[in-house]
Amino acid sequence: MAGTLYLVATPIGNLEDITLRALRVLREVDLIACEDTRRTRKLLASHNISKPMISYHEHNERERARELADKLEAGANIALVSDAGTPLVSDPGFHLVKEAILRDITVTPLPGPSAITTALVGSGLPAGEFTFAGFLPARRSARRARLREFAEANQTLIFYEAPHRVRESLRDALDVLGDRRAVIARELTKLHEDFIRGRLSELAGRAEHVTLKGEMVLLIAPAVDDNQIRPVLESTGASEPAPQTPGSILKEVEQVMRDEGLDQKGALKRVARSRGITRSEAYRAVLAEKAEAARKP
Ligand code: SAM
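Quick caveat, the model's predicted, so the values are computed rather than measured.

(A) Here's a closer look at the packing of helix H9 (residues 248-260) against helix H11 (residues 279-295). At a minimum axis distance of 8 Å, the contact between H9 and H11 shows a crossing angle of 110°. Viewed along their axes, H9 and H11 adopt a mutual orientation that is roughly perpendicular. Every pair of crossing elements has a handedness; the one defined by H9 and H11 is left-handed. For the pair formed by H9 and H11, the contact residues are Ser248, Ile249, Leu250, Lys251 and Val253 on the first element and Ala282, Ala285, Val286, Glu289 and Lys290 on the second. Among the residues making up the contact of H9 with H11, the classes are represented as six nonpolar, one polar and three charged.

In structure tokens:
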């Protein structure tokens, strides 16, 4: 009998965001197909799961899809996960699901985290109807053409965004769509989670002066927007770079390690980035804090 292909959503930051069913399935399957085996190994280790893994990423997904479908046909149960969130959503997996369906193999999706729904429900923009359009194109003309496609849509628009491109995207969105309400949802479920709400002109203005860092989702109000609750720019604040008060960087690094399952190196990198300092400066600050604590009676 053929096995089942499980599509398993995993956390987008906070390691606690994984369902009981996802953990059970990850424990029970024969094989886990994942984008980055090191990253998935960390997630599994944090839940005491040890399982054979096979890489499945954008560069090998076509050949791997056939290979994995052969294993499924031979009776193996396989879970597909991506680095974060729901597989297939701007992530690999489509070829495998298509191949499985072609071969009459059962595909079982497990609901769980995705940056889309997390950003949408916290944004304050209408959530009943929305259009998710993945990443905007990198080239300006293509990006503007894509935005024009959505100009008439009467739904909240959602785009994944990269920190090095958000400034240009905001400017183009303002030109093409007009000065609508918009939200940048940053670092969702992580220590510096932040919803920056305002008009596109305000967000674009802010992005000119401040480098917006971290993972982010851009949400834009529908063409007809009669649910206005936030006329002026505001940030939920939790996420502004933490002030470098003595004694705080060590705690911050420890919290990021705990919340996001990162090792010390990864946590230092993240904290350093959020404070606008280098990793070695962060490391020296942590050492200084530890030395200070050791000196105290
Ligand atoms: N499959 C994932 C999902 O279901 O959300 C999305 C993968 S896509 C390659 C990665 C993009 O998702 C990031 O560039 C960012 O736009 C968004 N994203 C992922 N995690 C995020 C987070 N914690 N906060 C904000 N945006 C996030």
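Having seen it, we continue.
(B) Inspection of helix H7 (residues 166-177) at higher detail. In this model, H7 (12 residues) spans 16 Å end to end at C-alpha, consistent with the 16 Å of a helix rising 1.5 Å per residue. Within H7 the residues assigned to the buried category are Val166, Ser169, Leu170, Asp172, Ala173, Val176 and Leu177. Following H7 by one or two positions, Gly178 has its phi on the positive side, about 90°.

(C) Structural context of the pattern of salt bridges. Enumeration over the complete set of coordinates arrives at 17 salt bridges. Between Glu73 and Arg103 there is a salt bridge, and its shortest N-O distance comes to 2.9 Å. With Glu73 in helix H3 (residues 61-73) and Arg103 in the loop between helix H4 (94-102) and strand S5 (106-110), this pair connects stretches of sequence that are 30 residues apart. For Glu73, a relative accessible area of 42% translates into the label partly exposed. On the accessibility criterion, Arg103 (22% relative accessible area) is partly exposed. Taking the shortest distance from any N to any O, the salt bridge between Asp172 and Arg143 comes out at 2.9 Å. Taken together, the residues span a long stretch of sequence, with Asp172 in helix H7 and Arg143 in helix H6 (residues 140-149) at a distance of 29 residues. On the basis of relative accessible area, Asp172 is assigned to the buried category, the value being 2%. Through salt bridges with shared partners, one network takes in Arg140, Arg143, Arg144, Asp172 and Asp175.

(D) Representation of the site of the ligand. Lining the immediate surroundings of the ligand are 19 residues, of which Thr86, Asp91, Ala115, Tyr160 and Met216 lie closest. Between an oxygen atom of the ligand and a main-chain N or O atom of Thr86, the distance comes to 2.9 Å. With respect to the ligand, the side chain of Tyr160 contributes an N or O atom lying 2.9 Å from an oxygen atom. Within the complex, the protein chains bury 90% of what would otherwise be the 570 Å² of accessible surface of the ligand. Those elements giving two or more residues to the shell around the ligand turn out to be strand S7 (156-161) and strand S10 (216-220). Among the residues forming the shell around the ligand, the class breakdown is 10 nonpolar, four polar and five charged.

(E) Quick peek at the pairing of strand S8 (residues 181-186). Judged by how many residues are buried, S8 sits mostly within the fold: six of six residues are covered. Because side chains alternate across S8, one face comprises the buried residues Arg181, Val183 and Ala185, and the other comprises Ala182, Ile184 and Arg186, equally buried. Where S8 lies against strand S9 (residues 194-199), six bridges are found, and the strand directions are antiparallel. Its bridge partner lying in S9, Ile184 is registered against Ile196. With five bridges joining them, S8 and S10 adopt antiparallel strand pairing. Bridge pairing links Val183 to Leu219 in S10.

Rules behind the numbers
- Sequence positions are assigned chain by chain, starting from 1 and proceeding in written order.
- In keeping with the predicted nature of the model, local features appear solely for residues at pLDDT of at least 70, side-chain atom pairs appear and are counted solely at 80 or more, and the whole-chain, interface and lining totals rest on all residues.
- Side-chain numbers here rest on the full set of heavy atoms in the structure, without hydrogens or water.
- Helix axes are fitted to C-alpha atoms over the stretch in contact, other axes to C-alpha atoms as well, and angles between N-to-C directions run from 0 to 180 degrees.
- To qualify as a helix, a DSSP run of H or I must reach at least 4 residues; to qualify as a strand, a run of E must reach at least 2; elements of each kind are numbered from the N terminus.
- Orientation categories follow fixed angle ranges, with anything under 35 degrees roughly parallel, anything over 145 roughly antiparallel, 65 to 115 roughly perpendicular, and all other angles oblique.
- Handedness of a crossing follows from how the near helix is turned relative to the far one, being left-handed for an anticlockwise turn of less than a right angle and right-handed for a clockwise one.
- Residues are treated as being in contact if the distance between any of their heavy atoms lies within 4.5 Å.
- For this scheme, ten residues count as nonpolar: Ala, Val, Leu, Ile, Met, Phe, Trp, Tyr, Cys and Pro. Four count as charged, namely Asp, Glu, Lys and Arg, and the remainder, Gly too, count as polar.
- Here the expected length of a helix is defined as 1.5 Å per residue gap, with one fewer gap than residues.
- Note on classification: 1.4 Å probe, protein chains only; a residue is buried when its accessible area is under 20% of the maximum for its type, exposed when over 50%, partly exposed between these limits.
- The salt bridge definition used is simple: a Lys or Arg side-chain nitrogen within 4 Å of an Asp or Glu carboxyl oxygen.
- What makes a residue near a molecule or strand is one non-hydrogen atom of that residue sitting within 4 Å of it.
- Polar contact is defined as a pair of N or O atoms within 3.5 Å, subject to the rule that within protein one atom must be able to donate a hydrogen and the other to accept it, and that residues adjacent in sequence are counted only when both atoms are side-chain atoms.
- We get accessible surface area from the Shrake-Rupley algorithm with a probe of 1.4 Å; when it comes to residues, only the shown protein chains can shield them.
- Note on pairing: DSSP must find at least two bridges between two strands before they are called paired.

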